[in-house]
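Breakdown of the fold
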Amino acid sequence: MTSSSSPSQDTQRLAHTYAEGLRADALMEEDVAWSHEIDGERDGEQFDRSERAALRRVAGLSTELEDVTEVEYRQLRLERVVLVGVWTTGTAQDADNSLAELAALAETAGALVLDGVIQRRDKPDAATYIGSGKADELRDIVLETGADTVICDGELSPGQLIHLEDVVKVKVIDRTALILDIFAQHAKSREGKAQVALAQMQYMLPRLRGWGQSLSRQMGGGKGGGLATRGPGETKIETDRRRIREKMAKMRREIADMKTGREIKRQERKRHKVPSVAIAGYTNAGKSSLLNRLTGAGVLVENALFATLDPTVRRAETPSGRLYTLADTVGFVRHLPHHLVEAFRSTMEEVGESDLILHVVDGSHPNPEEQLAAVREVIRDVGATDVPEIVVINKADAADPLTLQRLMRNEKRSLAVSARTGRGIAELLALIDNELPRPSVEIEALVPYTHGKLVARAHDEGEVISEEHTAEGTLLKVRVHEELAADLAPYVPAPVVA
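What counts as what
Residues numbered from 1 in each chain as written. Predicted model: local features only at pLDDT ≥ 70, side-chain atom pairs only at ≥ 80, totals over all residues. Heavy atoms only, no water. UniProt positions renumbered as here; feature names shortened; annotations may be inferred. Helix = DSSP H or I, 4+ residues; strand = E, 2+ residues; numbered from the N terminus. Buried < 20%, exposed > 50% of the residue type's maximum accessible area, 1.4 Å probe, protein only. Contact = heavy atoms within 4.5 Å. Areas by Shrake-Rupley, 256 points an atom, 1.4 Å probe, with all protein chains shown as cover. Pairing = 2+ DSSP bridges. Axes fitted to C-alpha atoms, helices over the stretch in contact; angles between N-to-C directions. Left-handed = near helix turned anticlockwise from the far one by under 90°. Nonpolar A, V, L, I, M, F, W, Y, C, P; charged D, E, K, R; others polar. pLDDT = per-residue confidence, 0-100. Patch = residues over 30% accessible without salt bridge, like charges linked within 9 Å, V, L, I, M, F, W, Y side chains within 5 Å. Salt bridge = Lys/Arg side-chain N within 4 Å of Asp/Glu carboxyl O. Lys, Arg positive; Asp, Glu negative; His and termini not counted. Charge placed at Lys NZ, Arg CZ, Asp CG, Glu CD.

Within an unreviewed UniProt entry, the label attached to the protein chain reads GTPase HflX, and the organism entered is Streptomyces doebereineriae. Word for word, the UniProt comment on the protein chain under Subunit (unreviewed entry) is "Monomer. Associates with the 50S ribosomal subunit." Regarding the protein chain, the relevant UniProt record gives this comment under Sequence similarities (unreviewed entry): "Belongs to the TRAFAC class OBG-HflX-like GTPase superfamily. HflX GTPase family."

Structure (C-alpha coordinates):
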(Lines give C-alpha, C1' and ligand atoms only; values in the text may rest on other atoms or scores of the structure.)
Protein backbone atom coordinates (compact mmCIF):
# COMPACT_ATOMS: atom_id res chain seq x y z
CA MET A 1 0.00 0.00 0.00
CA THR A 2 1.44 3.36 -0.94
CA SER A 3 0.57 6.82 0.18
CA SER A 4 -1.44 9.01 -2.15
CA SER A 5 0.75 11.98 -1.27
CA SER A 6 3.97 12.56 0.68
CA PRO A 7 4.78 15.21 3.31
CA SER A 8 6.49 18.36 2.16
CA GLN A 9 10.28 18.42 1.83
CA ASP A 10 10.54 20.96 4.64
CA THR A 11 8.68 18.66 7.01
CA GLN A 12 10.88 15.71 6.03
CA ARG A 13 14.03 17.78 6.56
CA LEU A 14 12.80 18.82 10.01
CA ALA A 15 11.91 15.23 10.92
CA HIS A 16 15.43 13.97 10.18
CA THR A 17 17.01 16.45 12.59
CA TYR A 18 15.54 14.73 15.62
CA ALA A 19 16.66 11.51 17.28
CA GLU A 20 15.08 8.30 16.00
CA GLY A 21 12.25 7.04 18.18
CA LEU A 22 10.90 10.38 19.30
CA ARG A 23 7.32 10.65 18.10
CA ALA A 24 7.07 14.42 18.20
CA ASP A 25 9.93 16.70 19.16
CA ALA A 26 9.55 20.36 19.94
CA LEU A 27 8.87 22.40 16.82
CA MET A 28 8.03 25.49 18.80
CA GLU A 29 10.42 27.11 21.22
CA GLU A 30 9.01 27.97 24.61
CA ASP A 31 9.49 31.67 23.99
CA VAL A 32 7.40 31.74 20.81
CA ALA A 33 4.38 32.98 22.75
CA TRP A 34 4.67 36.53 24.04
CA SER A 35 5.49 36.88 27.72
CA HIS A 36 6.59 39.76 29.97
CA GLU A 37 9.75 37.98 31.08
CA ILE A 38 11.02 37.29 27.56
CA ASP A 39 9.48 39.94 25.34
CA GLY A 40 9.27 42.83 27.78
CA GLU A 41 12.62 44.24 26.65
CA ARG A 42 11.97 43.84 22.92
CA ASP A 43 10.88 46.67 20.64
CA GLY A 44 7.21 46.85 19.68
CA GLU A 45 4.31 44.59 20.50
CA GLN A 46 5.72 41.52 18.64
CA PHE A 47 2.37 40.77 16.98
CA ASP A 48 4.16 38.78 14.28
CA ARG A 49 5.48 36.31 16.88
CA SER A 50 1.96 35.59 18.11
CA GLU A 51 0.82 35.03 14.53
CA ARG A 52 3.71 32.67 13.83
CA ALA A 53 2.73 30.62 16.88
CA ALA A 54 -0.90 30.38 15.78
CA LEU A 55 -0.74 27.13 13.78
CA ARG A 56 2.42 25.07 13.38
CA ARG A 57 3.31 21.70 11.95
CA VAL A 58 4.68 19.10 14.38
CA ALA A 59 7.40 17.02 12.76
CA GLY A 60 7.99 13.33 13.27
CA LEU A 61 4.35 12.18 13.61
CA SER A 62 4.04 10.36 10.29
CA THR A 63 3.66 6.57 10.59
CA GLU A 64 3.76 5.87 6.85
CA LEU A 65 5.69 2.75 5.85
CA GLU A 66 9.28 3.51 4.84
CA ASP A 67 9.74 0.18 3.07
CA VAL A 68 7.05 -1.57 1.05
CA THR A 69 8.19 -4.92 2.49
CA GLU A 70 6.91 -3.80 5.89
CA VAL A 71 3.36 -4.18 4.60
CA GLU A 72 3.48 -7.89 5.33
CA TYR A 73 4.20 -7.26 9.00
CA ARG A 74 1.80 -4.42 9.65
CA GLN A 75 -1.96 -4.41 10.07
CA LEU A 76 -3.98 -2.90 7.24
CA ARG A 77 -4.51 0.80 7.94
CA LEU A 78 -8.00 1.86 6.97
CA GLU A 79 -7.97 5.52 7.98
CA ARG A 80 -5.47 8.24 7.13
CA VAL A 81 -5.56 10.94 9.78
CA VAL A 82 -4.31 14.43 10.53
CA LEU A 83 -3.99 15.41 14.20
CA VAL A 84 -4.79 18.86 15.54
CA GLY A 85 -4.26 20.18 19.05
CA VAL A 86 -4.83 23.46 20.87
CA TRP A 87 -2.00 24.63 23.13
CA THR A 88 -3.56 26.70 25.91
CA THR A 89 -1.28 26.17 28.92
CA GLY A 90 2.15 24.77 29.71
CA THR A 91 5.25 24.70 27.53
CA ALA A 92 5.65 23.86 23.87
CA GLN A 93 7.19 20.53 24.89
CA ASP A 94 4.05 19.70 26.89
CA ALA A 95 1.90 20.43 23.84
CA ASP A 96 4.12 18.28 21.63
CA ASN A 97 4.06 15.40 24.13
CA SER A 98 0.26 15.54 24.23
CA LEU A 99 0.03 15.39 20.43
CA ALA A 100 2.61 12.58 20.35
CA GLU A 101 0.43 10.60 22.75
CA LEU A 102 -2.56 11.26 20.49
CA ALA A 103 -0.51 9.90 17.58
CA ALA A 104 0.22 6.73 19.56
CA LEU A 105 -3.50 6.39 20.38
CA ALA A 106 -4.41 6.81 16.71
CA GLU A 107 -1.86 4.20 15.68
CA THR A 108 -3.17 1.80 18.32
CA ALA A 109 -6.69 2.28 16.93
CA GLY A 110 -5.44 1.28 13.46
CA ALA A 111 -4.97 4.63 11.76
CA LEU A 112 -2.13 5.98 9.64
CA VAL A 113 -0.94 9.35 10.99
CA LEU A 114 0.02 11.65 8.13
CA ASP A 115 0.54 15.00 9.82
CA GLY A 116 -0.05 16.94 13.02
CA VAL A 117 -0.53 20.60 13.82
CA ILE A 118 -0.75 22.60 17.05
CA GLN A 119 -2.43 25.98 17.41
CA ARG A 120 -1.56 28.47 20.16
CA ARG A 121 -4.77 29.92 21.66
CA ASP A 122 -5.95 31.18 25.03
CA LYS A 123 -8.87 28.74 24.85
CA PRO A 124 -10.45 26.53 22.16
CA ASP A 125 -12.83 28.27 19.79
CA ALA A 126 -16.46 27.70 20.78
CA ALA A 127 -17.55 27.10 17.18
CA THR A 128 -14.80 25.19 15.36
CA TYR A 129 -12.25 24.38 18.16
CA ILE A 130 -9.42 26.14 16.26
CA GLY A 131 -11.20 29.16 14.76
CA SER A 132 -12.62 29.64 11.28
CA GLY A 133 -9.40 30.91 9.67
CA LYS A 134 -7.28 28.10 11.03
CA ALA A 135 -9.99 25.61 10.10
CA ASP A 136 -9.55 26.73 6.47
CA GLU A 137 -5.78 26.14 6.78
CA LEU A 138 -6.48 22.72 8.26
CA ARG A 139 -8.68 21.93 5.23
CA ASP A 140 -5.72 22.72 2.96
CA ILE A 141 -3.51 20.36 4.96
CA VAL A 142 -6.14 17.62 4.67
CA LEU A 143 -6.26 18.09 0.90
CA GLU A 144 -2.46 18.14 0.66
CA THR A 145 -1.97 14.91 2.62
CA GLY A 146 -5.01 13.06 1.29
CA ALA A 147 -6.36 12.40 4.79
CA ASP A 148 -9.88 11.16 5.37
CA THR A 149 -10.14 11.89 9.12
CA VAL A 150 -9.18 14.69 11.51
CA ILE A 151 -8.57 13.83 15.18
CA CYS A 152 -8.71 16.65 17.73
CA ASP A 153 -6.68 16.46 20.96
CA GLY A 154 -9.58 17.26 23.29
CA GLU A 155 -13.26 16.56 23.82
CA LEU A 156 -15.35 18.51 21.32
CA SER A 157 -18.93 19.58 21.82
CA PRO A 158 -21.53 18.37 19.29
CA GLY A 159 -21.61 21.85 17.73
CA GLN A 160 -17.82 21.98 17.33
CA LEU A 161 -17.82 18.58 15.62
CA ILE A 162 -20.49 19.63 13.12
CA HIS A 163 -18.97 23.03 12.30
CA LEU A 164 -15.41 21.69 11.90
CA GLU A 165 -16.65 18.87 9.65
CA ASP A 166 -18.49 21.43 7.50
CA VAL A 167 -15.20 23.28 6.91
CA VAL A 168 -12.66 20.44 6.45
CA LYS A 169 -15.11 18.21 4.52
CA VAL A 170 -13.86 14.98 6.16
CA LYS A 171 -14.83 13.05 9.28
CA VAL A 172 -13.82 14.71 12.56
CA ILE A 173 -13.49 12.83 15.86
CA ASP A 174 -12.10 13.87 19.22
CA ARG A 175 -9.76 12.26 21.76
CA THR A 176 -12.65 10.75 23.72
CA ALA A 177 -14.12 8.96 20.70
CA LEU A 178 -10.65 7.65 19.81
CA ILE A 179 -10.08 6.18 23.29
CA LEU A 180 -13.56 4.64 23.27
CA ASP A 181 -12.78 3.01 19.92
CA ILE A 182 -9.56 1.48 21.33
CA PHE A 183 -11.43 0.17 24.36
CA ALA A 184 -14.07 -1.38 22.09
CA GLN A 185 -11.35 -3.20 20.12
CA HIS A 186 -9.51 -4.54 23.17
CA ALA A 187 -12.34 -5.49 25.53
CA LYS A 188 -12.54 -9.28 25.75
CA SER A 189 -14.58 -10.22 28.82
CA ARG A 190 -18.35 -9.87 29.03
CA GLU A 191 -18.05 -7.21 31.71
CA GLY A 192 -15.43 -5.25 29.77
CA LYS A 193 -17.57 -5.22 26.64
CA ALA A 194 -20.61 -4.09 28.62
CA GLN A 195 -18.66 -1.26 30.28
CA VAL A 196 -17.30 -0.02 26.95
CA ALA A 197 -20.73 -0.22 25.31
CA LEU A 198 -22.23 1.84 28.14
CA ALA A 199 -19.52 4.49 27.82
CA GLN A 200 -20.00 4.68 24.04
CA MET A 201 -23.75 5.14 24.37
CA GLN A 202 -23.26 7.87 27.00
CA TYR A 203 -20.90 9.64 24.60
CA MET A 204 -23.10 9.23 21.51
CA LEU A 205 -26.44 10.20 23.07
CA PRO A 206 -25.99 14.01 22.87
CA ARG A 207 -24.19 13.69 19.51
CA LEU A 208 -26.91 11.97 17.51
CA ARG A 209 -27.59 13.87 14.33
CA GLY A 210 -30.58 13.63 12.06
CA TRP A 211 -31.49 14.71 8.56
CA GLY A 212 -34.13 13.77 6.03
CA GLN A 213 -36.39 11.06 7.40
CA SER A 214 -34.64 11.21 10.78
CA LEU A 215 -36.37 14.54 11.40
CA SER A 216 -39.77 13.51 10.02
CA ARG A 217 -42.46 12.84 12.59
CA GLN A 218 -44.43 9.69 13.17
CA MET A 219 -48.22 9.84 13.30
CA GLY A 220 -49.55 11.21 16.57
CA GLY A 221 -51.32 9.18 19.19
CA GLY A 222 -54.92 9.47 20.24
CA LYS A 223 -57.98 7.26 20.09
CA GLY A 224 -59.85 5.86 17.16
CA GLY A 225 -57.32 3.88 15.14
CA GLY A 226 -55.41 4.91 12.02
CA LEU A 227 -57.26 8.15 11.37
CA ALA A 228 -56.22 9.61 14.73
CA THR A 229 -53.31 11.89 13.85
CA ARG A 230 -53.55 14.55 16.52
CA GLY A 231 -50.33 15.89 17.98
CA PRO A 232 -46.93 16.27 16.35
CA GLY A 233 -45.77 12.73 17.20
CA GLU A 234 -42.16 11.65 17.72
CA THR A 235 -39.30 12.18 15.28
CA LYS A 236 -37.05 9.25 14.44
CA ILE A 237 -34.08 10.87 16.17
CA GLU A 238 -36.16 11.14 19.35
CA THR A 239 -37.06 7.47 18.99
CA ASP A 240 -33.36 6.60 18.61
CA ARG A 241 -32.50 8.55 21.75
CA ARG A 242 -35.23 6.79 23.69
CA ARG A 243 -33.96 3.40 22.58
CA ILE A 244 -30.40 4.30 23.54
CA ARG A 245 -31.57 5.35 27.01
CA GLU A 246 -33.40 2.03 27.37
CA LYS A 247 -30.27 0.13 26.32
CA MET A 248 -28.16 2.15 28.77
CA ALA A 249 -30.54 1.30 31.62
CA LYS A 250 -30.35 -2.39 30.69
CA MET A 251 -26.54 -2.23 30.48
CA ARG A 252 -26.28 -0.59 33.91
CA ARG A 253 -28.38 -3.42 35.40
CA GLU A 254 -26.12 -6.04 33.78
CA ILE A 255 -22.97 -4.33 35.06
CA ALA A 256 -24.48 -4.10 38.55
CA ASP A 257 -25.17 -7.86 38.47
CA MET A 258 -21.59 -8.59 37.39
CA LYS A 259 -20.31 -6.24 40.09
CA THR A 260 -22.14 -8.35 42.69
CA GLY A 261 -20.23 -11.47 41.59
CA ARG A 262 -16.89 -9.69 41.92
CA GLU A 263 -17.82 -8.32 45.34
CA ILE A 264 -18.64 -11.85 46.55
CA LYS A 265 -15.17 -13.01 45.49
CA ARG A 266 -13.63 -9.98 47.18
CA GLN A 267 -15.54 -10.65 50.41
CA GLU A 268 -14.40 -14.28 50.31
CA ARG A 269 -10.78 -13.13 50.17
CA LYS A 270 -11.41 -10.73 53.03
CA ARG A 271 -13.07 -13.47 55.06
CA HIS A 272 -9.93 -15.54 54.73
CA LYS A 273 -7.88 -12.45 55.60
CA VAL A 274 -5.90 -12.57 52.35
CA PRO A 275 -4.23 -9.18 51.74
CA SER A 276 -4.70 -7.63 48.31
CA VAL A 277 -2.31 -5.58 46.18
CA ALA A 278 -3.53 -3.57 43.16
CA ILE A 279 -1.29 -2.62 40.24
CA ALA A 280 -2.27 0.80 38.89
CA GLY A 281 -0.53 3.06 36.44
CA TYR A 282 -0.44 4.85 33.12
CA THR A 283 -1.22 2.86 30.02
CA ASN A 284 1.81 1.08 28.52
CA ALA A 285 3.82 1.60 31.71
CA GLY A 286 4.40 -2.16 32.02
CA LYS A 287 1.71 -3.25 34.52
CA SER A 288 0.97 -6.58 32.81
CA SER A 289 4.70 -7.27 32.42
CA LEU A 290 5.17 -6.67 36.14
CA LEU A 291 2.23 -8.96 36.98
CA ASN A 292 3.74 -11.70 34.82
CA ARG A 293 7.15 -11.24 36.43
CA LEU A 294 5.75 -11.38 39.99
CA THR A 295 3.24 -14.22 39.53
CA GLY A 296 3.80 -15.88 36.13
CA ALA A 297 0.23 -14.94 35.21
CA GLY A 298 0.79 -15.13 31.45
CA VAL A 299 -1.23 -11.96 30.75
CA LEU A 300 -1.00 -10.42 27.27
CA VAL A 301 1.92 -8.02 26.98
CA GLU A 302 2.16 -5.69 24.00
CA ASN A 303 3.86 -2.39 23.28
CA ALA A 304 0.54 -0.63 22.70
CA LEU A 305 -1.77 1.66 24.61
CA PHE A 306 -4.60 -0.11 26.46
CA ALA A 307 -3.42 -3.55 25.30
CA THR A 308 -5.16 -5.14 28.31
CA LEU A 309 -8.44 -3.85 29.71
CA ASP A 310 -9.95 -6.69 31.70
CA PRO A 311 -8.77 -6.84 35.33
CA THR A 312 -6.73 -9.91 36.24
CA VAL A 313 -6.38 -11.20 39.82
CA ARG A 314 -3.61 -13.69 40.63
CA ARG A 315 -2.45 -15.37 43.81
CA ALA A 316 1.08 -14.58 44.93
CA GLU A 317 3.38 -15.28 47.86
CA THR A 318 5.85 -13.07 49.71
CA PRO A 319 9.43 -14.22 50.41
CA SER A 320 8.35 -15.00 53.99
CA GLY A 321 5.54 -17.25 52.76
CA ARG A 322 2.54 -14.94 53.22
CA LEU A 323 -0.21 -15.28 50.62
CA TYR A 324 -1.74 -12.23 48.93
CA THR A 325 -3.61 -11.38 45.73
CA LEU A 326 -2.23 -9.20 42.95
CA ALA A 327 -4.75 -7.39 40.71
CA ASP A 328 -3.86 -5.81 37.35
CA THR A 329 -6.21 -2.89 36.59
CA VAL A 330 -7.07 -0.95 33.46
CA GLY A 331 -4.46 1.62 32.41
CA PHE A 332 -5.03 5.34 32.79
CA VAL A 333 -4.25 8.21 30.46
CA ARG A 334 -4.33 12.00 30.57
CA HIS A 335 -7.84 13.38 30.17
CA LEU A 336 -9.38 9.93 30.58
CA PRO A 337 -12.99 10.36 29.37
CA HIS A 338 -15.36 10.68 32.30
CA HIS A 339 -17.73 8.27 30.53
CA LEU A 340 -15.07 5.59 30.91
CA VAL A 341 -14.33 6.48 34.53
CA GLU A 342 -18.01 6.04 35.35
CA ALA A 343 -18.44 2.85 33.30
CA PHE A 344 -15.27 1.24 34.69
CA ARG A 345 -15.86 2.46 38.25
CA SER A 346 -16.80 -1.04 39.43
CA THR A 347 -13.54 -2.40 37.97
CA MET A 348 -11.47 0.43 39.41
CA GLU A 349 -12.89 -0.32 42.85
CA GLU A 350 -10.25 -3.06 43.03
CA VAL A 351 -7.81 -0.21 43.68
CA GLY A 352 -9.91 1.33 46.45
CA GLU A 353 -10.50 -2.03 48.17
CA SER A 354 -6.85 -3.09 48.13
CA ASP A 355 -4.40 -3.00 51.04
CA LEU A 356 -1.53 -1.68 48.93
CA ILE A 357 -1.19 0.06 45.54
CA LEU A 358 1.78 -0.58 43.26
CA HIS A 359 1.77 2.61 41.19
CA VAL A 360 3.74 1.70 38.05
CA VAL A 361 5.29 4.55 36.06
CA ASP A 362 7.32 4.37 32.85
CA GLY A 363 10.80 5.57 33.79
CA SER A 364 11.78 5.91 30.11
CA HIS A 365 8.92 8.33 29.34
CA PRO A 366 9.90 11.96 28.59
CA ASN A 367 7.67 13.25 31.41
CA PRO A 368 6.97 10.55 34.04
CA GLU A 369 5.82 13.10 36.62
CA GLU A 370 2.89 13.97 34.37
CA GLN A 371 1.93 10.29 34.22
CA LEU A 372 2.02 10.07 38.02
CA ALA A 373 -0.25 13.11 38.34
CA ALA A 374 -2.77 11.75 35.79
CA VAL A 375 -3.05 8.39 37.57
CA ARG A 376 -3.39 9.95 41.01
CA GLU A 377 -6.24 12.10 39.73
CA VAL A 378 -8.19 8.96 38.80
CA ILE A 379 -7.24 7.29 42.10
CA ARG A 380 -8.79 10.28 43.87
CA ASP A 381 -11.94 9.88 41.77
CA VAL A 382 -12.43 6.29 42.94
CA GLY A 383 -11.76 7.20 46.60
CA ALA A 384 -8.49 5.31 47.08
CA THR A 385 -6.33 8.12 48.46
CA ASP A 386 -6.03 6.45 51.88
CA VAL A 387 -4.51 3.24 50.50
CA PRO A 388 -0.69 3.01 50.97
CA GLU A 389 1.21 3.46 47.71
CA ILE A 390 4.57 2.25 46.40
CA VAL A 391 5.81 3.98 43.23
CA VAL A 392 7.38 1.33 40.99
CA ILE A 393 9.58 2.98 38.35
CA ASN A 394 9.50 0.40 35.56
CA LYS A 395 11.72 0.11 32.45
CA ALA A 396 14.76 1.12 34.49
CA ASP A 397 16.98 -0.62 31.94
CA ALA A 398 15.90 1.89 29.26
CA ALA A 399 15.50 4.97 31.47
CA ASP A 400 17.87 7.92 31.83
CA PRO A 401 19.80 7.52 35.12
CA LEU A 402 19.22 11.19 35.91
CA THR A 403 15.45 10.71 35.49
CA LEU A 404 15.55 7.71 37.85
CA GLN A 405 17.46 9.71 40.45
CA ARG A 406 15.00 12.59 40.18
CA LEU A 407 11.97 10.34 40.56
CA MET A 408 13.41 8.44 43.52
CA ARG A 409 14.35 11.72 45.19
CA ASN A 410 10.85 13.17 44.73
CA GLU A 411 8.94 9.96 45.56
CA LYS A 412 10.00 8.80 49.01
CA ARG A 413 8.37 5.35 48.73
CA SER A 414 9.72 4.33 45.32
CA LEU A 415 11.80 1.60 43.72
CA ALA A 416 13.37 1.27 40.27
CA VAL A 417 12.75 -2.08 38.55
CA SER A 418 12.78 -3.67 35.12
CA ALA A 419 10.04 -6.22 34.48
CA ARG A 420 11.87 -7.28 31.32
CA THR A 421 15.27 -8.05 32.85
CA GLY A 422 14.20 -8.77 36.44
CA ARG A 423 16.22 -5.93 37.95
CA GLY A 424 14.86 -4.84 41.35
CA ILE A 425 12.11 -7.52 41.48
CA ALA A 426 13.57 -9.20 44.59
CA GLU A 427 13.72 -5.84 46.38
CA LEU A 428 10.13 -5.11 45.33
CA LEU A 429 8.89 -8.44 46.73
CA ALA A 430 10.65 -7.70 50.03
CA LEU A 431 9.11 -4.23 50.13
CA ILE A 432 5.62 -5.67 49.48
CA ASP A 433 6.21 -8.12 52.33
CA ASN A 434 7.07 -5.26 54.69
CA GLU A 435 4.21 -3.00 53.60
CA LEU A 436 1.34 -5.51 53.67
CA PRO A 437 -0.77 -5.29 56.83
CA ARG A 438 0.28 -7.85 59.40
CA PRO A 439 -2.04 -9.81 61.74
CA SER A 440 -2.52 -8.01 65.03
CA VAL A 441 -2.35 -10.85 67.58
CA GLU A 442 0.76 -12.87 68.39
CA ILE A 443 -0.04 -16.21 70.03
CA GLU A 444 1.66 -19.50 70.94
CA ALA A 445 -0.51 -22.63 70.85
CA LEU A 446 -0.05 -26.39 71.08
CA VAL A 447 -2.50 -27.69 68.49
CA PRO A 448 -3.40 -31.42 68.66
CA TYR A 449 -2.75 -33.42 65.52
CA THR A 450 -6.49 -34.08 65.31
CA HIS A 451 -7.02 -30.34 64.56
CA GLY A 452 -4.76 -30.01 61.57
CA LYS A 453 -7.17 -27.56 59.94
CA LEU A 454 -6.19 -24.92 62.51
CA VAL A 455 -2.53 -25.35 61.57
CA ALA A 456 -3.41 -24.99 57.88
CA ARG A 457 -5.44 -21.83 58.62
CA ALA A 458 -2.51 -20.41 60.57
CA HIS A 459 -0.30 -20.87 57.49
CA ASP A 460 -2.91 -19.48 55.07
CA GLU A 461 -4.30 -16.58 57.09
CA GLY A 462 -1.49 -15.69 59.49
CA GLU A 463 2.25 -15.37 59.73
CA VAL A 464 4.03 -18.40 61.23
CA ILE A 465 7.01 -17.33 63.32
CA SER A 466 8.02 -20.83 64.43
CA GLU A 467 6.63 -24.35 64.19
CA GLU A 468 7.66 -27.44 66.16
CA HIS A 469 6.19 -30.95 66.13
CA THR A 470 6.02 -32.52 69.60
CA ALA A 471 4.51 -35.67 71.03
CA GLU A 472 1.33 -33.82 72.07
CA GLY A 473 0.83 -31.87 68.83
CA THR A 474 2.14 -28.97 66.75
CA LEU A 475 3.61 -26.12 68.78
CA LEU A 476 2.94 -22.94 66.84
CA LYS A 477 4.11 -19.42 67.43
CA VAL A 478 2.11 -17.29 65.01
CA ARG A 479 0.83 -13.81 64.34
CA VAL A 480 -2.87 -14.04 63.40
CA HIS A 481 -6.06 -11.98 63.24
CA GLU A 482 -8.49 -11.86 66.16
CA GLU A 483 -10.95 -14.45 64.80
CA LEU A 484 -8.29 -17.13 64.37
CA ALA A 485 -6.70 -16.16 67.69
CA ALA A 486 -10.01 -16.94 69.40
CA ASP A 487 -10.08 -20.38 67.75
CA LEU A 488 -6.49 -21.10 68.88
CA ALA A 489 -7.02 -19.78 72.42
CA PRO A 490 -8.15 -23.17 73.92
CA TYR A 491 -4.78 -24.66 72.95
CA VAL A 492 -2.57 -22.01 74.54
CA PRO A 493 -0.34 -23.81 77.06
CA ALA A 494 -0.90 -22.88 80.66
CA PRO A 495 1.85 -20.72 82.14
CA VAL A 496 4.44 -22.65 84.15
CA VAL A 497 4.34 -21.67 87.84
CA ALA A 498 7.79 -21.44 89.39
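Alright, that's what it looks like, and here's the rest.
Within the protein chain, the regular secondary structure consists of 17 helices and 14 strands. Burial statistics for the protein chain: of 498 residues in total, 47% are counted as buried. Nonlocal contacts in the protein chain, meaning residues at least 24 apart in sequence, comprise 69% of its contacts between residues at least 6 apart. Element-wise, carbon and sulfur atoms account for 51% of the exposed surface of the protein chain, whose accessible area totals about 25700 Å².

On to the sheet that holds strand 6 (residues 276–281), then. Two orientations exist for strands paired in a sheet by backbone hydrogen bonds: parallel and antiparallel. Judged by pairing direction, the sheet is mixed, and its six strands sit side by side in the order 7-8-6-9-10-11 without closing on themselves. Every interior strand has two partners, whereas the edge strands, strand 7 (312–317) and strand 11 (414–416), have only one. Here the average twist between neighbouring strands, direction ignored, is 25°. Note: strand 10 (residues 389–394) against strand 11, three bridges, orientation parallel. Bridging across to strand 11, Ile393 finds its partner in Ala416. Along the sheet face, helix 13 (residues 368–381) touches strand 6, strand 9 (356–362) and strand 10 and points at about 145° away from the line of strand 9. Packed on one face of the sheet, helix 15 (residues 425–435) meets strand 6, strand 8 (323–328), strand 9, strand 10 and strand 11 and runs near 150° to strand 9.

The three strands are arranged 12-14-13 in an open sheet whose pairing can be described as antiparallel. Either end of the sheet is taken by a strand with one partner, and the two such strands are strand 12 (441–447) and strand 13 (463–469). On average, adjacent strands in this sheet sit at an angle of 10° to one another, irrespective of strand direction. Across six bridges, the pairing between strand 13 and strand 14 (residues 474–480) is antiparallel.

A word on the packing of helix 4 (residues 92–108) against helix 7 (residues 175–186). Interaxial distance between helix 4 and helix 7 falls to 9 Å at its minimum, and their mutual angle equals 35°. Helix 4 and helix 7 meet at a crossing whose hand is left-handed. Within the contact between the two elements, helix 4 uses Ser98, Glu101, Leu102, Leu105, Ala106 and Thr108 and helix 7 uses Arg175, Leu178, Ile179, Ile182, Gln185 and His186. Taken together, the residues of the contact of helix 4 with helix 7 break down into six nonpolar, four polar and two charged.

Within strand 6, six of the six residues are buried, leaving the element largely enclosed by the surrounding structure. Side chains Ser276, Ala278 and Ala280 project from strand 6 onto one buried face, and the interleaved Val277, Ile279 and Gly281 project onto a second face that is buried too. Bridge count between strand 6 and strand 8: four bridges; the pairing is parallel. Across the sheet, Val277 pairs through a bridge with Leu326, a residue of strand 8. Note: strand 6 against strand 9, five bridges, orientation parallel. Within strand 9, the residue paired with Gly281 across the bridge is Val360.

Further remarks concern the confidence of the model for the protein chain. On average, residues of the protein chain carry a pLDDT of 76, and 74% of them reach 70 or more. Throughout residues 1–35 the model reports pLDDT below 50, and contacts reaching past four residues in sequence, or to other chains, amount to 73 contacts. Considering only residues more than four positions removed or in separate chains, one finds that residues 38–49, a stretch of pLDDT under 50, has 12 contacts.

Turning to unusual backbone geometry, a few remarks are in order. With phi around 75°, Tyr129 is a residue other than glycine that occupies positive phi space. By secondary structure assignment, the location of Tyr129 is in the loop between strand 3 (111–120) and helix 5 (132–145). Residue Lys169 is not a glycine yet carries a positive backbone phi of 65°. Structurally, the position occupied by Lys169 is in the loop between helix 6 (158–168) and strand 5 (171–174).

Next up on the list: a positive patch on the surface. A surface patch of positive charge is lined by Arg243, Lys247, Lys250 and Arg253. Mapped onto the fold, Lys250 is located in helix 9 (residues 236–271). A relative accessible area of 49% places Lys250 in the partly exposed class.

With the rule as written, the count across this model stands at 16 salt bridges. Where Glu101 meets Arg175, a salt bridge forms, and the shortest distance between an N and an O atom there is 2.4 Å. Residue Glu101 is located in helix 4, and its partner Arg175 is located in helix 7; the two are separated by 74 residues in the primary sequence. Under the relative-accessibility criterion, Glu101 is labelled buried at 10%. Arg139 is the salt-bridge partner of Asp136, the closest N and O atoms lying 3.8 Å from each other. With Asp136 and Arg139 both in helix 5 and three residues apart, the pair spans about one turn of that helix. Classification of Arg139 as partly exposed rests on a relative accessible area of 30%. One connected set of salt bridges, linked through shared partners, spans Glu101, Asp153 and Arg175.

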